[in-house]
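So the chains spell out like this:
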Amino acid sequence: MSDTKSGEAKSELPELVFDSISVGQKFTESTHTLTAEMVRDYGIAVHNPELERAAQQPAGTVLNDPSLAILFGIPRRVLVRDGRMPPGGVLARQDFELYRPLRLGEEIRTLPSIADKYEKRGRRYAQIRCDLFDQDRQPIGRVDTHVVWAR
Amino acid sequence: MSIEPVTILQSDIDAYARVSGDFNPIHVDPEFAKTTPYGSTIAHGTISSALITRQLMDTIGPGRRVKRLSLRFVGPIRSGDRLQSRVELTPAGLTPDATGAADSDDQTYTVSTCNQDDKTIATGEALVGKALP
C-alpha cells in the first residue's frame, strides 16, 4: 500500500459510491503532522484556551486533550487518494480511543478502512475506521466514524 | 464542576472546517445547506466531542485520562447555539478497556451536550482511566 502526505490530489478525487465500497476495504495510508498552528486553530475553534497556550510550547510537548485524535479520523482529511465523501453526508456517531497522549509536532500515520456499511430506517450508513500509528508504527489510537451517506 | 456554556458561531464552524479539513458544504456553504433538510449550515458534530472531552478533563483532574469516548449525534448544532456539556459518573463499575481486559482503575461516565433549549445534541459514554506515568 502506498503512502502519501496529506492533501495531495484531493481536489481531483472522484466521489466514493456507497454500493462500491466494501467492508474491510483499506484506503491509502497517509502521514499528517500535528503542527503548532493546527493545535492553536483547533483550540480557537473549540473554545479551548489551554490548547492555544500549549501550541506555543516546544515540539514534543504532551497535549492533554485527547479529542485532538479526532482530527486524524475525519474521512475528508484522511481519504487522500482513493476517493472523497459525497457532499451532504452527516455524522451519526463517533467512537475514539487514544492509547497515549499526542505530542506537539508529532507525525501521525493514518490508515482508513471501511469497518461496516449498513442500512437503518431507510438511511445508508458507512462506518469509516481510522487507525492511528506513530512513526515507529506503534498504535496510538483508533477513530470510528459512522456517516449517514448523502443521497 | 462545569465549564461555561459555549456559543458556536459560523466563524467557529469555518475555523473547525479549516483545521479538520472537512469542508463538507453542509457546514460551510449556506446556499447548499438551504437545499438540505436542515435549511441552514450546521456545525461539525465533533465540536461536541471536543466540548465533552474538556468537561471530562475538568471533572476527572490531572491524575486521570480519557481513554475512550463514544458519542451519538442526535441533533444539529446551528450557528448561534449555546452548548453546555454534562458528564456524570455511572455506577456501572468496571468496564473492559480497548484490549478487552478489565482495568480496575477504569470508570465510565455518561456524557451529553445540550443546546440553549435543553435539546440533546450529542449523548454517549466515556471510559476514564489512570493517567499514564
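Residues numbered from 1 in each chain as written. Chains lettered and ligands numbered in written order. Predicted model: local features only at pLDDT ≥ 70, side-chain atom pairs only at ≥ 80, totals over all residues. Heavy atoms only, no water.

Regarding the overall build of chain B
Working step 1: Scanning chain B from terminus to terminus reveals 4 helices and 5 strands.
Working step 2: Pairs at least 24 residues apart make up 64% of the contacts formed inside chain B by residues separated by at least 6 positions.
Working step 3: When the accessible surface of chain B is summed, it comes to about 6100 Å², and 52% of that surface belongs to carbon and sulfur atoms. (Helix = DSSP H or I, 4+ residues; strand = E, 2+ residues; numbered from the N terminus. Contact = heavy atoms within 4.5 Å. Areas by Shrake-Rupley, 256 points an atom, 1.4 Å probe, with all protein chains shown as cover.)

A look at the pairing of strand β5 (residues 120–130) of chain B
All names here are of chain B.
Working step 1: Bridge count between strand β2 (residues 64–73) and β5: 9 bridges; the pairing is antiparallel. Counterpart to Arg65 in the pairing with β5 is Gly129.
Working step 2: Across 8 bridges, strand β4 (residues 107–114) lies against β5 in antiparallel orientation. Across the sheet, the residue bridging to Gln107 is Val128, located in β5.
Working step 3: Connecting the antiparallel pair β4 and β5 is a turn made up of 5 residues, with Asp118 showing a positive phi of about 65°. (Pairing = 2+ DSSP bridges.)

Focus on the packing of aromatic side chains
Residues and elements named next belong to chain A.
Working step 1: This structure, assessed with the given rule, holds 3 aromatic pairs over all chains.
Working step 2: Note on Tyr118 and Tyr125: the rings are 5.0 Å apart at their centroids and 5° apart in plane angle, and the pair reads as stacked.
Working step 3: Its relative accessible area of 8% is what places Tyr125 among the buried residues.
Working step 4: When the ring centre of Phe72 is taken as origin, the NZ or CZ atom of Arg77, which lies over that ring, is 5.9 Å away.
Working step 5: Its end group placed over the ring of Phe18, Lys117 keeps NZ or CZ at 4.7 Å from the ring centre. (Phe/Tyr/Trp six-rings, centres within 6.5 Å; stacked < 30°, edge-to-face > 60°. Buried < 20%, exposed > 50% of the residue type's maximum accessible area, 1.4 Å probe, protein only. Lys NZ or Arg CZ within 6 Å of the ring centre and 35° of its normal.)

Describing the side chain of Asp106 of chain B
Residues and elements named next belong to chain B.
Working step 1: Here Asp106 is to be found in the loop between β3 (82–89) and β4.
Working step 2: A residue is classified by how much of its surface remains accessible, and Asp106, at 3% relative accessible area, is buried.
Working step 3: A distance of 3.1 Å separates the side chain of Asp106 from the side chain of Lys67, its partner in a polar contact. (Polar contact = N/O pair within 3.5 Å; in protein donor to acceptor, adjacent residues only side chain to side chain.)

Section: the environment of Arg40 of chain A
Residues and elements named next belong to chain A.
Working step 1: Within the fold, Arg40 resides in helix α1 (residues 36–45).
Working step 2: Taking C-alpha positions, Arg40 is 6.1 Å from Leu51, a pair spaced 11 residues apart along the chain.
Working step 3: Once residues lying within four places of it in the same chain are set aside, the contact partners of Arg40 are Glu52 and Ala55.

Notes on the interface of chain A and chain B
Working step 1: The interface is formed by 33 residues belonging to chain A together with 35 residues belonging to chain B.
Working step 2: Carbon and sulfur atoms supply 60% of the area buried between chain A and chain B, which totals about 2800 Å² over both sides.
Working step 3: By the criterion of area lost to chain B, the three top residues of chain A are His47, Arg76 and Phe96 of chain A, representing 18% of everything that side buries.
Working step 4: The interface formed by chain A and chain B contains 1 salt bridge.
Working step 5: Where chain A packs against chain B, one counts 12 residue pairs in polar contact (both at pLDDT 80 or more).
Working step 6: Elements with a minimum of two residues in the side of chain A that touches chain B: α1, α3 (75–78) and β4 (90–98) of chain A.
Working step 7: Within the side of chain A that touches chain B, the residues separate by chemical class into 18 nonpolar, 7 polar and 8 charged.
Working step 8: Where β4 of chain A and β2 of chain B come together, 5 bridges link them in antiparallel fashion. Bridged to Phe96 of chain A within β2 of chain B is Leu69 of chain B. (Buried area = accessible area lost by both parts, 1.4 Å probe. Salt bridge = Lys/Arg side-chain N within 4 Å of Asp/Glu carboxyl O. Nonpolar A, V, L, I, M, F, W, Y, C, P; charged D, E, K, R; others polar.)

Some remarks on the nonpolar core
Working step 1: Membership of the largest hydrophobic core comes to 52 residues, with the highest contact counts inside it found for Leu34, Tyr42, Leu71 and Leu102 of chain A together with Tyr16, Leu56 and Val111 of chain B.
Working step 2: With 6 residues, the single largest contributor to this core is helix α4 (residues 46–60) of chain B.
Working step 3: Judged by nonpolar contacts, the second largest core, of 11 residues, contains Leu79, Met85, Ile128 and Val147 of chain A. (Core = buried A, V, L, I, M, F, W, Y, C linked by side-chain atoms within 4.5 Å.)

Observations concerning helix α1 (residues 10–20) of chain B
Working step 1: Asp12, Ile13, Ala15, Tyr16, Ala17, Val19 and Ser20 of chain B are the residues of α1 of chain B that are buried.
Working step 2: Lining the buried residues of α1 of chain B we find α1 and α3 of chain A together with β1 (6–7), α2 (25–28) and α4 of chain B.
Working step 3: Positive phi appears at Gly21 of chain B, one or two residues downstream of α1 of chain B, with a value of about 80°.

Re the pairing of β4 of chain B
Residues and elements named next belong to chain B.
Working step 1: Of all 8 residues in β4, 6 are buried, a share of seventy percent or more.
Working step 2: Pairing of β3 with β4 involves 6 bridges; the strand directions are antiparallel. Looking at the pairing, Ser85 lines up with Thr113 of β4.

Focus on the confidence of the model for chain B
Working step 1: Confidence in the prediction of chain B, expressed as mean pLDDT, is 88, and 89% of residues score 70 or more.
Working step 2: As scored by the predictor, the complex reaches a pTM of 0.88 and an ipTM of 0.87. (pLDDT = per-residue confidence, 0-100.)

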